[in-house]
There are 2 protein chains.
Amino acid sequence: MSQYRIFKVDDAIAYVRVVEKLGDEVPLLGEEIGDGNLNQVFRVWQPGESRGVIVKQALPYIRCIGESWPLTRDRARIEAQILLNHGRVCPEYTVEVLHYDPALSVMLLEDLSDHRVWRQTQLEDLSFPEAAAQLGRYLARVHYHSSAFHLDYQAQQAAQTDFANPELMAITEAVFFVDPFRDHERNNVAPLIRAEAEQLWADAALKVKVAALKHDFRCKGEALLHGDLHTGSVMVTADKLKVIDAEFGGYGPMGFDLGVIFANLLLNFCSQPGRHRAVASRRVQQQRIEEIHSLWQNFRADFVELAAHSNDAALAEPGYVQDFLGRVWQDALGYAGCEMIRRTIGIAHVADLDGIDDPARRAACQRQALALGQTLILEAEQLLEEQFTALLLERVI
Amino acid sequence: MSQYRIFKVDDAIAYVRVVEKLGDEVPLLGEEIGDGNLNQVFRVWQPGESRGVIVKQALPYIRCIGESWPLTRDRARIEAQILLNHGRVCPEYTVEVLHYDPALSVMLLEDLSDHRVWRQTQLEDLSFPEAAAQLGRYLARVHYHSSAFHLDYQAQQAAQTDFANPELMAITEAVFFVDPFRDHERNNVAPLIRAEAEQLWADAALKVKVAALKHDFRCKGEALLHGDLHTGSVMVTADKLKVIDAEFGGYGPMGFDLGVIFANLLLNFCSQPGRHRAVASRRVQQQRIEEIHSLWQNFRADFVELAAHSNDAALAEPGYVQDFLGRVWQDALGYAGCEMIRRTIGIAHVADLDGIDDPARRAACQRQALALGQTLILEAEQLLEEQFTALLLERVI
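Residues numbered from 1 in each chain as written. Chains lettered and ligands numbered in written order. Predicted model: local features only at pLDDT ≥ 70, side-chain atom pairs only at ≥ 80, totals over all residues. Heavy atoms only, no water.

Enquirer: Quick rundown of the packing of helix α6 (residues 166-178) of chain A against helix α11 (residues 320-345) of chain A? Include the residues and the values.
Expert: Helix packing geometry: the angle between the two helix axes and the distance between the axes. All names here are of chain A. Close contact between α6 and α11 brings their axes to 8 Å; oriented N to C, the two are set at 85°. Taken together, the axes of α6 and α11 are roughly perpendicular relative to one another. Contacts between α6 and α11 involve Val175, Phe176 and Phe177 from the first element and Tyr335, Cys338, Glu339 and Arg342 from the second. Split into classes, the residues belonging to the contact of α6 with α11 amount to five nonpolar, no polar and two charged. (Axes fitted to C-alpha atoms, helices over the stretch in contact; angles between N-to-C directions. Helix = DSSP H or I, 4+ residues; strand = E, 2+ residues; numbered from the N terminus. Parallel < 35°, antiparallel > 145°, perpendicular 65-115°, else oblique. Contact = heavy atoms within 4.5 Å. Nonpolar A, V, L, I, M, F, W, Y, C, P; charged D, E, K, R; others polar.)

This is how it looks when you write it as structure tokens:
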């Protein structure tokens, strides 16, 4: 469909009309719905129909910053590929890619208007008790099928090449592992927690651990990651769940995806005393602990079950998968710590903390997030799931 | 130059004449010198000249097996690329590639006729006291310059793609980590040590550790490895050293190259009681211990010095490189253990052990190699360099 141009809503409508082979007599409506940082997103639908189609287009720069930060449009190809790969092994929990157009850097995606953004539901204190377990099952399936347990050397090497995503993963390296751990102009540090940030920047032991996590993020290509699995990348209903927004994906350590989602649940956990009186805060905090437990247990159980069918004669050794998942757990805690810190003092914050109105209460919650993040990074190797849960329970206010 | 054909010695001579632009009047002699398993190798020279040129050609199958085991000729491209990459950062210790012809899968290499194969010198009890230190410096340079300490995300990702070597690294996976740890038809187990091999195959704890080492070999892409750094891939003179034969190279854990060379020194260590009376055996064993120490110390010192100039803000954190090298050491011991075992009961043995004439003495040395290999795999995490040296000194007979 020809040459790249930046869509307006009418272009999105016209594009859907062509792709879906709808005649000019079919009425179509459209709206821009994108609130993401990177891309533009439209919804196009027929009047009276509850479901339409989503049109997502990559711009040659970062949408929320503008042309001053150019960014490869090839990210649309990578995202489409990742969603298609994840969709093949886990269609239940992966948003469906209906069409991809490389020239226009456009994807048509299934419309999830009947879903809510998981983060938003948490901000509204709505409970989606199935979501955590579903997300654990999703991660087990997508990680397993791209891992050495499932793919032979040549297939995995080919996948690592196909899914190479150097430009976006370099951004993750910078905003996740580098900037937040030093005084950098890209950081966004609230004045009330400046002292804590400076203390963190002076913590040499912490920074050595973060260097190791960064090194592993680059070099430990265990599975095809989502790459940015925060609660805003997860859409939920009472019984369904869909993961969206995979443009930061690529091969990396499994613990990264787990850590990012753990951290986002923990950031919400830390925000509770700023949002609620004690009783309600305590109840929601316990719910977040329960969700992390459920996510991990479902991930682990499904991964172990899948790995029982591995054709790899060495990795199929009884006991190895448990041994391996023990290291994935440790990695996850370390990455969770980084995500908590970078979402509190780095460039990109979360509404859970930033949405707390009272500056003093907000700062108190941010301090909790920084402290918990540091503990997870420093003590990942000592914290089995039981100790980790105990650590969180101590912090329930 | 054109179409692929399998060279005979006359083809090699004719080819050198064309590439080096030598007229028909220049007399050239040639001989086949290859004793490797994979490729054919010729030496071409002018009568009266001490140095000629080496012609190395990849066949579309494994030379020592024949057409029944086909193997990509693309390995010649990969080897040329790796040698050129290593040569750029460490010309002192890397064999020089003079010319590469993709159509013929042929490389012209510098002639190292004034060098000896390091393994062979050890079999003749000749001492090359500089070699170990030189090899440590070589590894520091080639590993550092292909690592995350030196390359940014995009450069390292591009290198990982360029140097992808799935077909040969899949062979390493099979013959290094899979076959030797189970009763497999490709193994070559001497009847006198069959019982020990069977005991090893039944050791579940050992096999879990080997699975982790295999997984890391696949997924931990830290540096551009040589990939097969045994003492037969190292050419030495009294003061010079050149590394050859990099067709098994690709991205992997740094500890792999270190472990393979440690293991080959240790296999020679284990062979001594089968070759010598006690006094001589003890002297040579102590020399091998000293070589491993020197290799590691030089690797570590040079790597730390190079890393002091890293531009990576996170990895440059003081203390990180030491922390990282501690894990490289552990990895090296694990891979050393695998190499010792696979060279004793796997498909490809070493002359150090197999060349011991008396079957009972040979079996005793092989048992030592198997036992030491198992210990290194099982106890890698507990063995700092000091404990490792003590462990070896206990075994000096």
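Enquirer: Can you lay out the sheet that holds strand β1 (residues 29-32) of chain A for me, pointing to particular residues and giving the numbers?
Expert: Residues and elements named next belong to chain A. Reading across the sheet, the five strands line up as β1-β2-β3-β7-β6 and stay open at both edges, with antiparallel pairing between neighbours. Whereas interior strands pair on both sides, the edge strands pair on one side only; in this sheet they are β1 and β6 (97-101). Taking the axes of each pair of neighbouring strands and ignoring which way they run, one obtains an average angle of 20° across the sheet. In this structure, β1 lies alongside strand β2 (residues 40-45), joined through four bridges in antiparallel fashion. Across the sheet, the residue bridging to leucine 29 is tryptophan 45, located in β2. Each of β1, β2, β3 (53-57), β6 and β7 (106-110) touches helix α1 (residues 9-19); the most contacted strand, β2, lies at about 55° to it. Most of the contacts of helix α2 (residues 75-89) go to β6, to which it runs at about 155°, and overall it touches β3, β6 and β7. (Pairing = 2+ DSSP bridges.)

Enquirer: Lay out the UniProt feature "domain: Aminoglycoside phosphotransferase" (unreviewed entry) in chain A with the relevant residues and their values.
Expert: Those places that UniProt annotates as "domain: Aminoglycoside phosphotransferase" (unreviewed entry) correspond, in this numbering, to residues 31-267 of chain A. With 41% helix and 19% strand, residues 31-267 of chain A has its two end C-alpha atoms placed 32 Å apart. (UniProt positions renumbered as here; feature names shortened; annotations may be inferred.)

Enquirer: Give a description of the sheet that holds strand β11 (residues 241-243) of chain A that names residues and reports values.
Expert: Residues and elements named next belong to chain A. Strand order in the open sheet formed by three strands is β8-β10-β11, and the pairing between neighbours is antiparallel. The outermost strands of the open sheet, each flanked by one partner alone, are β8 (116-117) and β11. Sheet contacts for helix α4 (residues 131-145): β10 (234-236) and β11; angle to β11, the most-contacted strand, approximately 45°.

Enquirer: Help me get a handle on the pattern of salt bridges, residues and values and all.
Expert: Residue and element names in this part refer to chain A. If you walk through the whole model with that rule in mind, you get 61 salt bridges over all chains. Here arginine 51 ties to glutamate 110 by a salt bridge, and the two come within 3.2 Å at their closest N and O atoms. Remark: glutamate 110 occurs in strand β7 and arginine 51 occurs in the loop between β2 and β3; sequence separation between them is 59 residues. Under the relative-accessibility criterion, arginine 51 is labelled partly exposed at 45%. In this structure glutamate 110 comes out as buried when scored by relative accessible area, which is 12%. A salt bridge links arginine 119 to aspartate 352; the shortest N-O distance between them is 2.8 Å. (Salt bridge = Lys/Arg side-chain N within 4 Å of Asp/Glu carboxyl O. Buried < 20%, exposed > 50% of the residue type's maximum accessible area, 1.4 Å probe, protein only.)

Enquirer: Summarise the packing of aromatic side chains; cite the residues concerned and give the values.
Expert: Scanning the model with the defined rule gives 38 aromatic pairs over all chains in all. Considering the side-chain rings of A:Phe177 and A:Tyr335, the 5.9 Å spacing of their centres and the 75° angle between planes classify their relative orientation as edge-to-face. With A:Phe177 in helix α6 and A:Tyr335 in helix α11, this residue pair connects regions lying 158 residues apart in the sequence. The pair formed by A:Phe177 and A:Tyr335 is uniform in burial state, with each residue classed as buried. Seen from their ring centres, B:Phe299 and B:Phe303 are 5.7 Å apart, and the 40° between their planes marks the pair as tilted. One end of the pair, B:Phe299, and the other, B:Phe303, are both in helix α10 (residues 278-307), four residues apart, so they sit about a helical turn from each other. Each residue in the set A:Tyr144, A:Phe149, A:Phe262, A:Trp296, A:Phe299, A:Phe303, A:Tyr320, A:Phe324, A:Trp329 and A:Phe388 is aromatic and connected to the rest through ring pairs, giving one cluster. (Phe/Tyr/Trp six-rings, centres within 6.5 Å; stacked < 30°, edge-to-face > 60°.)

Enquirer: Give me the side chain of A:Arg288: which residues, what numbers.
Expert: Mapped onto the elements, A:Arg288 comes out in helix α10 (residues 278-307). Look past the residues within four positions of A:Arg288 in its chain and what remains in contact with it is A:Gln122, A:Leu265, A:Asn268, A:Phe269 and A:Gln272.

Enquirer: So what's going on with the interface of chain B and chain A? Residues and values would help.
Expert: How big an interface is tends to be reported as the loss of accessible area on association of its parts. Chain B puts 44 residues into the contact, and the matching count from chain A is 44 residues. Interface area for chain B against chain A, summed over the two sides, is near 3,500 Å², with a carbon-plus-sulfur share of 61%. A per-residue breakdown of the area chain B buries against chain A is headed by B:Tyr153, B:His215 and B:Arg218, which together make up 24% of the total. The interface formed by chain B and chain A contains four salt bridges. When the shortest N-O distance is used, the salt bridge between A:Glu317 and B:Lys207 registers 3.8 Å. Of all the secondary structure elements, the ones that give two or more residues to the side of chain B that touches chain A are α5 (153-162), α6 (166-178), α8 (204-219) and α11 (320-345) of chain B. Residue contributions to the side of chain B that touches chain A peak at ten residues, all from α8(B). A breakdown of the residues in the side of chain B that touches chain A according to their chemical character gives 22 nonpolar, nine polar and 13 charged. (Buried area = accessible area lost by both parts, 1.4 Å probe.)

Enquirer: Go over the relation of the copies chain B and chain A, please, and point to the residues and values.
Expert: Of the two same-sequence chains, chain B is brought onto chain A (RMSD 0.0 Å, axial shift 0.0 Å) by a rotation of 180°. What the superposition gives is, in effect, a two-fold axis relating one chain to the other. Residue B:Lys220 of chain B places its C-alpha closer to the rotation axis than any other residue of that unit, at 2.3 Å. Comparing contact sets, 100% of the residues at the interface of chain B also lie at the interface in chain A, consistent with an isologous, same-surface contact. (Least-squares fit on C-alpha atoms with pLDDT ≥ 70 in both.)

Enquirer: Describe in detail the domain arrangement of chain A, supporting the description with residues and values.
Expert: All names here are of chain A. If you check the domain split of chain A, you get domain 1 (9-110) and domain 2 (116-395). One C-alpha centre belongs to domain 1, the other to domain 2; they are set 27 Å apart. The partner domain 2 presents 27 residues to the 24 residues of domain 1 that form the contact. Across the domain 1-domain 2 interface, the total number found is four salt bridges. Close ionic contact of lysine 242 with glutamate 110 constitutes a salt bridge, the shortest N to O distance being 3.5 Å. Here domain 1 and domain 2 share 13 residue pairs in polar contact (both at pLDDT 80 or more) between them. (Domains from an automatic or database assignment. Polar contact = N/O pair within 3.5 Å; in protein donor to acceptor, adjacent residues only side chain to side chain.)

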